[in-house]
Every structure is written in C-alpha cells, then in structure tokens.
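# Structural characterization, general
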Amino acid sequence: MTWLDVAADHPFGITNLPYGIFTTAAEPERRRVGVRVGDLVLDAAAAAHAADCEYAVPALSGPTLNPLLAAGKGAWDATRAWLVTVLTDPAYREAVEPHLIPLAEVTMHLPLEVADYVDFYASDNHAMNVGKIFRPDSPALPVNWKHLPIGYHGRAGTIVVSGTDIVRPSGQRKGPQDPAPVYGPSIRLDIEAELGYLVGGATTMGERVSVDEAADHIFGVVILNDWSARDIQAWEYVPLGPFLGKSFATSISAWVTPLAALDAARIALPGQDDPVPLPYLQSASGTGAFGLDVQVEVSLNGTVVSHPPYSTMYWSPAQMLAHMTVNGASLRAGDIYGSGTISGPEREQRGSFLELSWGGQEPFTLADGSTRSYLEDGDTVTMTAWAPGADGTRISLGEVSGTIRPTAPEA
Ligand code: CA
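Residues numbered from 1 in each chain as written. Predicted model: local features only at pLDDT ≥ 70, side-chain atom pairs only at ≥ 80, totals over all residues. Heavy atoms only, no water.

### A short note on the pairing of strand β13 (residues 193–199)
Taking burial as the measure, the 7 residues of β13 include 7 buried ones, the bulk of the element. Of the two faces of β13, the one carrying A193, L195, Y197 and V199 and the one carrying E194, G196 and L198 are both buried. As judged from the 7 bridges shared by β13 and strand β14 (residues 218–225), these two strands associate in the antiparallel manner. Of the residues in β14, the one forming a bridge with Y197 is V221. Pairing between β13 and strand β22 (residues 336–338): 3 bridges, direction antiparallel. Across the sheet, residue Y197 finds its bridge partner in β22, namely Y337. (Buried < 20%, exposed > 50% of the residue type's maximum accessible area, 1.4 Å probe, protein only. Helix = DSSP H or I, 4+ residues; strand = E, 2+ residues; numbered from the N terminus. Pairing = 2+ DSSP bridges.)

In structure tokens:
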C-alpha cells in the first residue's frame, strides 16, 4: 500500500497522517510542519518543494499550522490527497524519502498560534454528574442544557502542548462551611478529558456557519486536558461561569488528526428527541450533526483510571460550531473549541477526578496503592485516544500529557 516500511495496521499509518510542528536538534529555532507516518515525521514543506508541489509550500512552511488552517477546506483536501500519493506511489520515493525524519529525533511544539478558545459542555453524563455534586438540591441538568450547547470563552494564551509542566495555581476558595474566603494553592486540582477542534477558513462578522457547513471549518482534532481547580471554580463561577479556575493552563496533544482521517469514525448522535433542538441546530442534509466514535483513555502515574467514550456525547461538534456563530460572531483560523469533559454512563468512563471520586467522597486507588481524589504535586496525567480508521484499521490520536509542579513561592 505504501513504499514506506509501515505496517498496514500501524496506528499512525497512511489512513491517519496527523500534522504537527517540530524542530530538530540541528535547527532548534526552525519550526516546521511535520506529518507523522509510522514512526517517521515528514518535513512537509521540504517534501512539497522536492516533489514539484510548489503551490502547497506556503501553507506548509510553518512556524505554526495557522497558514494551513487559513488556506481552507480545499487546500486541506488537496494536501491530504498529495500526501497519500507521494507516500504510496514509488515514483515519488526518491524525492520524498530524504525528508523523512525519525520521530525520536524531533521535538514537538504547540501546533498552532491559538486565536480564540471556547470550551463547551456537551456530555449529558458529565453535566448531570457535576450538577448532582455541585447542586444536589437542584435538577441535575440546567434547564437550557438540551436546548443549546453550553459553552464559555476560555484563555487562548495559556493553551500549551503535551509535555508542558503545569504549576499548581493559587486563588481564592471558600467552602460552604468556611466563614470567609482564603487564598492559597488549589487543593482540588483536577483534569477534564476532552477533544478539541481546530478551526480554519475564516468567516466575517455577521456570517453564520450552518450545521451542514461546519465540517468545512473543522481542520482537525486534538486530545485536550482542561486542567481545572475545583475549589477556585466553585467559589467564583456564579453568575458568569468559569474564570481563574480554568485559565491557568489547558494542554493539547502535539499531533492534530485531520477530520478527514475520522470519516470512518463518524456515527449518529445518541439522540435529541426530547426536546428536538431549534432548526439552526439541526442538519438539513441529515448527516451534518455527526458524532464520533473515539475512545479515550486516562492514566494517572501509569494507572489507567478511566475510559471516556466520545460516542456518548450529546451535542455534535458541528452543532457547537453552528451555535458559536449563530449570533454572527466570526471565526478565525486558529480558533480552538473544546467538547467539554467526556463522561460515559459508567463510573470507569468518567472524564474528571471530580466525578471519579464523586466530589472527593470516593477516592480511587492507583497501582502503587496510593489513593487520589484530586491531583498531587508530581502527578503525571496522560490521555490517549483512538478511533476506527479506513479499511478496518485503528488510528491513534496521539497523547496529551502533563505533570503537576508545586506552586511557585510567593514573592
Ligand atoms: Ca472543560
């Protein structure tokens, strides 16, 4: 199938081809677009130049994926088709092979300059769990939850690439029984296992993107960890939503899986009959509001603690994008939006420690015998994900990892 020595069932085989930004030890300042195939990284712009594909060079020249995101759906499709051709047709081997670099010899970087960042709340299992834990005397789901994909604007400038250490944030907290708020390092530092969608193909203010057009603006998918300080969040979030409990850091995977690589993972949503969403949140074609069969795995210090199934998510990424633009808010190349925590109906499918430990009441045990409700300094969280690929293969979405470092001393 390919002139490369890559097994047909490799999780980064020819049906995957994720994009990232890399440097080499020889040129540590030159950030370039790389395409992963097997355990190799293709220097995409150099290969395009060598294979007489000059038109593709500007969008692939880095130092971020933003030029490619800006180039739009037509360019994404053409580039992907070109990559498949040059990596399979032996006629291109001589030109392309010198531009393949062993994965172990590259350093990966944040794949894009993030424009705007929005985070949604699209799992009904997660929203119900949080409602029961935070608001035990109220209905588990907010009254608006099944009418619109709830979201908030997050902090674009603190999105970091996998492998970046996370310093424990400080802030205000006040428990229900505390007489007054106190300031200090967060004592309920948590994770949220999510997928993030990279947006390309800008729109102008006043323009809407329909559910059926949304996929034309979704370049690809990353695994996203929305680090969350639950104590800071609980005290600050009414009435304007998440703020400093979230904005200190959000981690994303280094490799961006093209949405096109997830064609075989598209599935129907679990169901939106009660109530039926307003027309602007529906697909006229019937297929625009798709779900994704992506399986996530969350590990803490090497112990797998959860298997969140993205297939259970209530809202489609296409509905989220349609909702995000229905008021005329424009899209920029480099926008990211998160899905919200992925939680399935079972305990071992919960995508946050808040849920896994049920608000700290039911600590869980790691392989070394220690227990956790929230993160301790030195803890490393790694999330991986996979999806069905074309031809019965299984494709990997890579991983997002981060280690908690102690709060910096006060000046
Ligand atoms: Ca979140």
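### A short note on the coordination of the calcium ion
Ideal geometry at a metal centre gives angles of 109.5 degrees when four donors are arranged tetrahedrally and 90 or 180 degrees when six donors are arranged octahedrally. The protein atoms that coordinate the calcium ion are D119 (OD), E192 (OE), E194 (OE) and D226 (OD), at distances spanning 2.2 to 2.3 Å. Sequence spacing among the residues donating to the calcium ion works out to D-x72-E-x1-E-x31-D. A residue pair is termed long-range when its members are at least 10 positions apart, and E194 in strand β13 and D226 in the loop between β14 and β15 (228–229) qualify at 32 residues. Given the relative accessible area of 1%, E194 is considered buried. Overall, the relative accessible area of 0% leaves D226 in the buried class. (Donors = N, O, S within 2.8 Å, 3.2 Å for Na, K, Ca; no water.)

### What to know about the sheet that holds strand β26 (residues 394–405)
An order of β9-β26-β25-β20-β21 is seen for the 5 strands of this open sheet, with the pairing classed as mixed. Edge strands, defined here as strands with exactly one partner in the open sheet, are β9 (166–167) and β21 (303–306). Where β9 and β26 come together, 2 bridges link them in parallel fashion. Bridge pairing links V167 to R405 in β26.

Read these as spatial facts, not as claims about activity.
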